[in-house]
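Residues per chain, in single letters:
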Amino acid sequence: MSSPVLISLDAMGGDHGPPVVVAGVRDYRRRHGGEGVRFLLHGDEAAIRAEMAKCALAEDVCQVRHTDKVVAMDEKPAQAMRRGKGSSLWNAIEAVKTGEAGAVVSAGNTGALMAISKLILRMSAHGLERPAIVASWPTLRGITAVLDVGANIESDAEQLVEFAIMGEAFHTAVHGGGRATIGLLNVGSEDMKGHEEVREAARILREGGLGLDYKGFVEGDDIAKGTVDVVVTDGFTGNIALKTAEGVARFISALMKEALTSSVPAKAGALLALPALRRMRQKIDPSAVNGGPLLGLNGIVVKSHGGADAKGYGNAIRIAVELARSDYLKKVSDSLNRLTVVLEQPAAQDAAMETPQ
């Protein structure tokens, strides 16, 4: 029997608010069973309960915590931190901090979610300035976790290794398949390629005894191939790669739509091929796998796309549940402690050499 877990939801976040959030709960329960999973919904009680009635969700599944305050989708992070206390977003995260909930899901303002999560939950690693956003990327071999995809524009060697640790724990907890393999995204696979920070990160991963299955440098085309389970990069490069892949997916979809509506025979063929075409879109568009956890926090926070439908939001809930039920946080903590020891060794050796004999 699955362990019981309570998931905290920002019911007012995203482009649609309660209609999608509550329907997302129903979708999760229909597709994944939801045994032992309950939900704490924060926001406008009347609006939430109206949607609960439509979706036939009872009180024993969904609790409602009323608040009138909402963080707007266009609100700046600094403003959200100053004025956000008591909002649906703030209260949903606070439930994780107090231990009432095992994870939080929000489709709201990304910048505000990151800022408030960091303020309330704090970072789990010294020196990690912001959470890393991980994308579950469809590939020829299944799903590859790619991080960071936008939170940390620049990352030094230590942060890249921390991303590897967090990405490996995330992939194992959510996507399974045994021990995850790791690669560092670079401009070539040769050891001398890339800038100093990525080469130093490779050395630590290779020689540090962290217990990770590091496979070396990978290139951009290795992501879609599924060469490794976890691809590590800085947020600047990762975000460009993600947006490029999403754009290519939309471009291919547009070309296919144009070709399949160009004539009556083509339209007839499109009707027959529609299920296969939808499956193909799921395979080529990273945004189709909704639910990007913010890794590196002392708690589990999952970001849903603002425009997600009920099925997409249900998938974000699935990721939150699987992380909450896993040993993800402990595994990351243990690995980061080992990394601290590895990083302290050269400093201790340098100090010993400088001490007069």
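What counts, and where the lines are drawn
Residues numbered from 1 in each chain as written. Predicted model: local features only at pLDDT ≥ 70, side-chain atom pairs only at ≥ 80, totals over all residues. Heavy atoms only, no water. Core = buried A, V, L, I, M, F, W, Y, C linked by side-chain atoms within 4.5 Å. Buried < 20%, exposed > 50% of the residue type's maximum accessible area, 1.4 Å probe, protein only. Helix = DSSP H or I, 4+ residues; strand = E, 2+ residues; numbered from the N terminus. Contact = heavy atoms within 4.5 Å. Salt bridge = Lys/Arg side-chain N within 4 Å of Asp/Glu carboxyl O. Phe/Tyr/Trp six-rings, centres within 6.5 Å; stacked < 30°, edge-to-face > 60°. Expected span 1.5 Å × (residues − 1). Pairing = 2+ DSSP bridges. Right-handed = clockwise from strand over helix to strand, strands pointing away. Axes fitted to C-alpha atoms, helices over the stretch in contact; angles between N-to-C directions.

Which residues make up the nonpolar core, and what values do they have?
In this structure, I7, L9, F39, F170, L184 and V232 are the most contacted members of the largest nonpolar core, which totals 103 residues. A per-element tally of this core places helix 6 (residues 157-174) first, with ten residues. In contact with F170, other than residues within four places in its own chain, are V134, S136, A145, H175, P293, L295, I319, L323 and Y328.

Describe the pattern of salt bridges, naming the residues involved and giving the relevant values.
Scanning the entire structure with this criterion turns up 14 salt bridges. For E200, the salt bridge identified is with R203, shortest N-O distance 2.8 Å. Of this pair, E200 and R203 both sit in helix 7 (residues 196-207), separated by three residues, roughly a single helical turn. The partner of K215 in a salt bridge is D213, and the shortest N-O contact between them spans 3.3 Å. If you follow the salt bridges from partner to partner, you end up with E45, R49 and E59 in one network.

Would you mind going over the packing of aromatic side chains in detail, with residue names and values included?
Scanning the model with the defined rule gives one aromatic pair in all. Here Y28 and F39 contribute two aromatic rings whose centre-to-centre distance is 6.2 Å and whose plane-to-plane angle is 80°, an arrangement assigned as edge-to-face. With a gap of eleven residues between them, Y28 in helix 1 (residues 18-32) and F39 in strand 2 (residues 37-43) connect regions that are remote in the sequence. Here Y28 matches F39 in class, with each residue buried.

I'd like a rundown of unusual backbone geometry, residues and numbers included.
Most of the time, phi is negative for any residue but glycine, and the peptide bond is trans. Here the residue pair L147 and D148 is connected by a cis peptide bond, since its omega of 0° sits within 30 degrees of zero. Position of D148 among the secondary structure elements: in the loop between strand 6 (142-147) and helix 6. Unusually for a residue other than glycine, A56 sits at a positive phi of about 55°. The residue A56 is located in the loop between helix 2 (45-55) and strand 3 (62-66) in this model.

Can you break down helix 1 residue by residue, with the values?
Taking 1.5 Å as the rise per residue, helix 1 with 15 residues should run 21 Å; its terminal C-alpha atoms sit 21 Å apart, in good agreement. Close packing links the buried residues of helix 1 with strand 1 (5-10), strand 2, helix 2, strand 3 and helix 11 (310-325). Directly after helix 1, the chain includes G33, whose backbone phi takes a positive value near 90°.

Run through the pairing of strand 8 (residues 213-218), naming residues and quoting values.
Most of strand 8 sits out of view: five of its six residues are buried. Bridge count for strand 7 (residues 181-185) against strand 8 is four bridges, and the pairing is parallel. Looking at the pairing, I182 lines up with Y214 of strand 8. A crossover links strand 7 with its parallel partner strand 8, the connecting element being helix 7, and its sense is right-handed.

Tell me about the sheet that holds strand 10 (residues 292-295), and name the residues and values.
If you walk across this open sheet you meet the eleven strands as 3-2-1-4-11-10-5-6-9-7-8, and the pairing is mixed. Each having just a single partner strand, strand 3 and strand 8 make up the two edges of the open sheet. With strand direction ignored, the average angle separating the axes of adjacent strands in the sheet is 25°. With six bridges connecting them, strand 1 and strand 2 associate as parallel partners. Bridge pairing in strand 2 places L6 opposite R38. Against the sheet, helix 11 engages strand 1, strand 2, strand 4 (103-106), strand 10 and strand 11 (301-303), with an angle of about 140° to strand 1.

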